[in-house]
Amino acid sequence: EGLASSGTSRPAFLDGPSGTRDFYPPEMRVQNWLFDNFRETARRFGFQEYDAPILENVELYERKAGEEIVDQMYNFKDKEGYHVTLRPEMTPTLARLVLGKTNLQTGEVRLTLPLKWFSIPQCWRFETTQRGRKREHYQWNMDIVGVDHINAELELLAAAVFFFQRLGIGPDIVGIKVNSRAVLEAVLAKHGIEKGQKDEDGGDIFAKACVIIDKLDKIGGPAVTEDLAKIGVTSDSAAEILKALEAPSIEELATQVGGNSAAVEQVKRLFELAEEYGISEYLIFDASVVRGLAYYTGVVWEAFDRRGELRAIMGGGRYDRLLELYGGEKCQIPCVGFGFGDCVIMELLKECGKLPDFSLSGVDYVVCAFNPDLYGAACNISWKLRMNGATVDLMPTPRKKVAASFNYADQAGAKRMVFVAPDEISKGVVRIKDLRTKNKKGEAIQVDCPLDALDTVDELVAKAVAADDA
């Protein structure tokens, strides 16, 4: 007897865990299209794909900076007693992989630098589900390892813009806010928060301040002031910090910081190069962008929808100290990268009508046998068509009613229908109907193709069209 017997309510186990998604074939088709665009963009920019296990050691993520991510892990002890987690993000995994090819005593990377790597991992975080935020999501990660100057940030920003343009998302729909953690470092230093300064628990006070400030849009100025007070920042200092975060330009922020720091000049140079690259329409300076992960050290950015209705679409930045944190002081290997989740971009694409029409993206051929005696012939025809490069859906059950076969082909989004019937087979041909090409009467063009010349179907259809037009 089944677990869900007749008349009972739907068992909870028939639904996926809260915050997760099922991908039926139509959804999978859309996801594959999105991922293909991620991959093609990465390929155009010379990046190589990598991957790693979804299960990681918890220690890889336990940083003392008050990050939400540490409390959101799906972590547990495995059957051998190891403390593991489903990965909440990919960057620490990338760091682990690079360090796996690094001499930790000398810091020498045994791979040719720079590394330009990308991945599309599934990441897991136990958090409140809302629009554009699930407990699992896929994330397009692009990282450059081994470049210590702004050209790496520029290339990653260009890749993101290329992706947006490829999907028809212009700078009127999406913008990318850019700032520098190094500039913020100067702002905080004026108020007694020095980089590397530790609290009584050994946590990094500067990193904690960054995590707090990153919540400004979510919780507002008063709550940020309150949280900063918990790490020793006075209300007057908090007010000045918040004022600095409202600076309308990098020049204005530089004035508040006092003097032109190298970090300020870097951001200026980034915007100059973006102009020459042809991507500047998407970029906006925003002093309040700091990103919520503690390991960022330099330029940071996040993409947003200009209507202000969705969460951040993409975020990234420079993280020059992360590999040193894991591998030791010799491993001072500069890195910069971004993470681009699949949930928010899908919301945006749907709302802007930028998703393609997948209704005509079915197989090239549906092949149907008239009766069981002709199923072997249908198999042979299907095989030959596939060997010629076509995609073929061979119907497993013969259908005598032609209408039923055509309905199936139509629902499958097939381009052509092959009906294997006795009259045509006895003559050494098979009838093929092109469902997308109509004659003057509005009927589908059909041709009889010799069984030994199934690679000529396109030519026969073209001739039939020409004859109809004559």
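That block above? That's the structure.
Residues numbered from 1 in each chain as written. Predicted model: local features only at pLDDT ≥ 70, side-chain atom pairs only at ≥ 80, totals over all residues. Heavy atoms only, no water.

A. Quick look at the sheet that holds strand β17 (residues 416-420). One open sheet accounts for 5 strands, arranged β16-β15-β17-β18-β19; its pairing is mixed. Taken across any chain shown, the strands that pair with only one partner, and hence form the sheet edges, are β16 (392-394) and β19 (444-450). Strand-to-strand twist of the sheet, defined as the mean angle between neighbouring strand axes without regard to direction, takes the value 20 degrees. Pairing of strand β15 (residues 365-369) with β16, which is carried by 3 bridges, proceeds in the parallel orientation. The residue bridging Val367 from the neighbouring strand is Leu394, located in β16. Its contacts with the sheet put helix α14 (residues 375-387) on β15, β16, β17 and β18 (429-438), and the angle it makes with β16 is roughly 170 degrees. Of the strands in this sheet, β15, β16, β17 and β18 are in contact with helix α15 (residues 402-411), which crosses β17 at around 150 degrees. (Pairing = 2+ DSSP bridges. Helix = DSSP H or I, 4+ residues; strand = E, 2+ residues; numbered from the N terminus. Axes fitted to C-alpha atoms, helices over the stretch in contact; angles between N-to-C directions. Contact = heavy atoms within 4.5 Å.)

B. Representation of helix α13 (residues 342-351). Counted residue by residue, α13 has 7 buried out of 10 residues, so it is predominantly covered. Taken together, the buried positions of α13 are Asp342, Cys343, Val344, Ile345, Met346, Leu348 and Leu349. Packing partners of the buried residues in α13 comprise α1 (25-44), β9 (136-145), α4 (151-166), β10 (174-180), β12 (299-305) and β14 (335-341). Positioned one or two residues after α13, Gly353 has a phi angle of 65 degrees, which is positive. (Buried < 20%, exposed > 50% of the residue type's maximum accessible area, 1.4 Å probe, protein only.)

C. Highlighting the nonpolar core. Membership of the largest hydrophobic core comes to 84 residues, with the highest contact counts inside it found for Leu34, Trp140, Phe164, Ile176, Trp301, Phe340 and Ile345. Sort the elements by how many residues they give to this core and α4 lands first, with 10 residues. Filtering out sequence-adjacent residues up to four positions away, Phe340 remains in contact with Phe38, Tyr138, Gln139, Trp140, Phe163, Phe164, Ile313, Met314 and Ile345. Within the second largest apolar cluster, 23 residues are counted, among which are Ala52, Val109, Leu115 and Leu323. (Core = buried A, V, L, I, M, F, W, Y, C linked by side-chain atoms within 4.5 Å.)

D. Just the packing of aromatic side chains, in detail. A full pass over the atoms with the stated rule returns 21 aromatic pairs. Ring plane angle 50 degrees and centroid distance 5.4 Å describe the contact between Trp140 and Phe163, whose orientation is recorded as tilted. Highlighted residues: Trp140 in strand β9 and Phe163 in helix α4, separated in sequence by 23 residues. When its relative accessible area of 0% is taken as the criterion, Trp140 is described as buried. One aromatic cluster is present, built from ring pairs that chain together Phe23, Phe35, Phe38, Tyr138, Trp140, Phe163, Phe164, Tyr282, Phe338 and Phe340. Sitting over the face of the ring of Phe126, Arg135 holds its NZ or CZ atom 3.9 Å from the ring centroid. Positioned over the ring face of Phe304 is Lys177, at 4.7 Å from the centre of the ring. (Phe/Tyr/Trp six-rings, centres within 6.5 Å; stacked < 30°, edge-to-face > 60°. Lys NZ or Arg CZ within 6 Å of the ring centre and 35° of its normal.)

E. A look at the pairing of β12. Most of β12 is tucked away, with 7 of its 7 residues classed as buried. Relative to β12, β10 runs antiparallel, the two being bridged by 7 bridges. Bridge pairing in β12 links Lys177 to Glu302.

F. Structural detail: helix α5 (residues 181-189). For α5, every residue scored as buried is listed here: Arg181, Val183, Leu184, Val187 and Leu188. Taken down its axis, α5 places every buried residue within 155 degrees of arc, on the same side. The elements touched by buried residues of α5 are β10, α6 (205-213), α9 (235-244), α10 (250-257), α11 (262-277) and β12. Between the side-chain oxygen at the start of α5 and the backbone nitrogen of Ala182 there is a gap of 3.1 Å, and the oxygen is on Ser180. (Arc of directions from axis to C-beta. Polar contact = N/O pair within 3.5 Å; in protein donor to acceptor, adjacent residues only side chain to side chain.)

G. Geometry of the pattern of salt bridges. One pass over the full model with this rule turns up 22 salt bridges. A salt bridge links Glu136 to Arg21; the shortest N-O distance between them is 2.9 Å. One end of the pair, Glu136, is in strand β9; the other, Arg21, is in the segment before α1, and 115 residues separate them in sequence. Look at Arg21 and you get partly exposed, because its relative accessible area is 22%. In this structure, the salt-bridge partner of Lys177 is Asp286, at a minimum N-O distance of 3.8 Å. With Lys177 in strand β10 and Asp286 in the loop between β11 (283-285) and β12, this residue pair connects regions lying 109 residues apart in the sequence. An identical accessibility class is assigned to Lys177 and Asp286; each is buried. Residues joined by salt bridges that share partners form a network here, namely Asp305, Arg307, Glu309 and Glu351. (Salt bridge = Lys/Arg side-chain N within 4 Å of Asp/Glu carboxyl O.)

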